[in-house]
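# Commentary on secondary and tertiary structure
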Amino acid sequence: MENIYREHAQTVYRYLLARTHDAALAEELTQETFYQAVRSAGRFTGGCKITTWLCGIARNVLRTERRRIPDEALTEPIPAGETADGALLAGEERVELLRRMQSLGSDVREVMYLRIFGTLSFREIGDILSRSENWARVTYYRGKERLRKDMENDDEK
């Protein structure tokens, strides 16, 4: 389990960080995820990638946490930082991007959150969502293109 932790803890952490926007909470939930993984290791059949299994556990740990604490604590602003695309998002730009992303379908929105704010690779996103790397890549670029067109249409008005 120690090797699994070393290989996959960062992926689980980034997944949780993208979902919670809180580094301390993501770290705590990552630890809880691996605790739950140890407890249920005997039930892992190998029918999926270990990353998919761990992120499924992380998703359940997060659901439990969301029931336990108020929503406001899980929606703090995302700290400005370098996104997967290499662009630095400052406060207002970040808020505008998040606002616009709400108009996207849930799959597209989740891929974009994981890519931009979780800085996960397309392969990791595909694993987490039980899809292919190519699906994650195409979904991300379609969402990005839709946001770009929406912004262009707003500029024309």
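Criteria and thresholds
- Residues numbered from 1 in each chain as written.
- Predicted model: local features only at pLDDT ≥ 70, side-chain atom pairs only at ≥ 80, totals over all residues.
- Heavy atoms only, no water.
- Helix = DSSP H or I, 4+ residues; strand = E, 2+ residues; numbered from the N terminus.
- Buried < 20%, exposed > 50% of the residue type's maximum accessible area, 1.4 Å probe, protein only.
- Contact = heavy atoms within 4.5 Å.
- Areas by Shrake-Rupley, 256 points an atom, 1.4 Å probe, with all protein chains shown as cover.
- Phe/Tyr/Trp six-rings, centres within 6.5 Å; stacked < 30°, edge-to-face > 60°.
- Lys NZ or Arg CZ within 6 Å of the ring centre and 35° of its normal.
- Axes fitted to C-alpha atoms, helices over the stretch in contact; angles between N-to-C directions.
- Parallel < 35°, antiparallel > 145°, perpendicular 65-115°, else oblique.
- Left-handed = near helix turned anticlockwise from the far one by under 90°.
- Nonpolar A, V, L, I, M, F, W, Y, C, P; charged D, E, K, R; others polar.
- Core = buried A, V, L, I, M, F, W, Y, C linked by side-chain atoms within 4.5 Å.
- pLDDT = per-residue confidence, 0-100.

## Details of the overall build of the chain
- A tally of regular secondary structure across the chain gives 7 helices and 0 strands.
- Out of the 157 residues belonging to the chain, those deemed buried represent 41%.
- In the chain, of all internal contacts separated by at least 6 residues, the share reaching a separation of at least 24 is 59%.
- Looking at the chain as shown, the accessible area adds up to about 9200 Å², and 49% of this sits on carbon and sulfur atoms.

## Concerning the packing of aromatic side chains
- Summed over all chains, the structure comprises 4 aromatic pairs.
- Ring geometry for F122 and Y141: centres 5.9 Å apart, planes at 45°, overall tilted. Placement of F122 in helix α6 (residues 122–128) and of Y141 in helix α7 (residues 133–156) is noted, with a sequence separation of 19 residues between them.
- Residue class for Y141 comes out partly exposed when judged on its relative accessible area of 39%.
- With centroids separated by 5.2 Å and ring planes inclined at 80°, the aromatic side chains of Y140 and Y141 adopt a geometry described as edge-to-face.
- The exposure class assigned to Y140 is buried, which follows from its relative accessible area of 1%.
- Aromatic ring contacts, followed pair by pair, group F122, Y140 and Y141 into a single cluster.
- Note that R115 overlies the ring of Y140, its terminal NZ or CZ placed 6.0 Å from the centroid.

## Observations regarding the packing of helix α1 (residues 2–20) against helix α5 (residues 106–117)
- It is the contact of α1 with α5, at a shortest axis distance of 9 Å, that shows an interaxial angle of 115°. Taken together, the axes of α1 and α5 are roughly perpendicular relative to one another. The way α1 lies across α5 gives a crossing that is right-handed. Along its contact with α1, which presents Y15, A18 and R19, the element α5 presents E110, Y113, L114 and F117.
- Grouping the constituent residues of the contact of α1 with α5 by class yields 5 nonpolar, no polar and 2 charged.

## Looking at the nonpolar core
- The biggest cluster of nonpolar side chains holds 36 residues, and the ones touching the most others in it are Y15, L16 and M101.
- Top contributing element to this core by residue count: helix α3 (residues 50–68), with 8 residues.
- Excluding residues that lie within four positions of it along the chain, M101 makes contacts with R109, M112, Y113, F117 and L147.

## Digging into the environment of L120
- Along the chain, L120 falls in the loop between α5 and α6.
- In this structure, L120 is in contact with T11, R14, Y15, L114, R115, I125 and I128, ignoring residues within four places of it in sequence.

## Brief notes about the confidence of the model for the chain
- In the predicted model, the chain carries a mean pLDDT of 77, and the fraction of residues at 70 or more is 81%.
- Here residues 70–89 is modelled with pLDDT under 50, and outside its nearest four sequence neighbours on either side it reaches 36 contacts, counting other chains as well.

## Topic: unusual backbone geometry
- Of note in the backbone geometry, H21 takes a positive phi value of approximately 65° without being a glycine.
- In this structure, H21 sits in the loop between α1 and α2 (23–39).
- Take H21: its relative accessible area is 16%, and that puts it in the buried class.
- Positive phi is not limited to glycine here, since S130 has a value of about 55°.
- S130 gets classed as exposed once you look at its relative accessible area, which sits at 55%.

## Considerations on the side chain of T52
- Counting through the fold element by element, T52 comes out in helix α3.
- Contacts of T52, omitting those with residues within four sequence positions, involve D127, I128 and S130.

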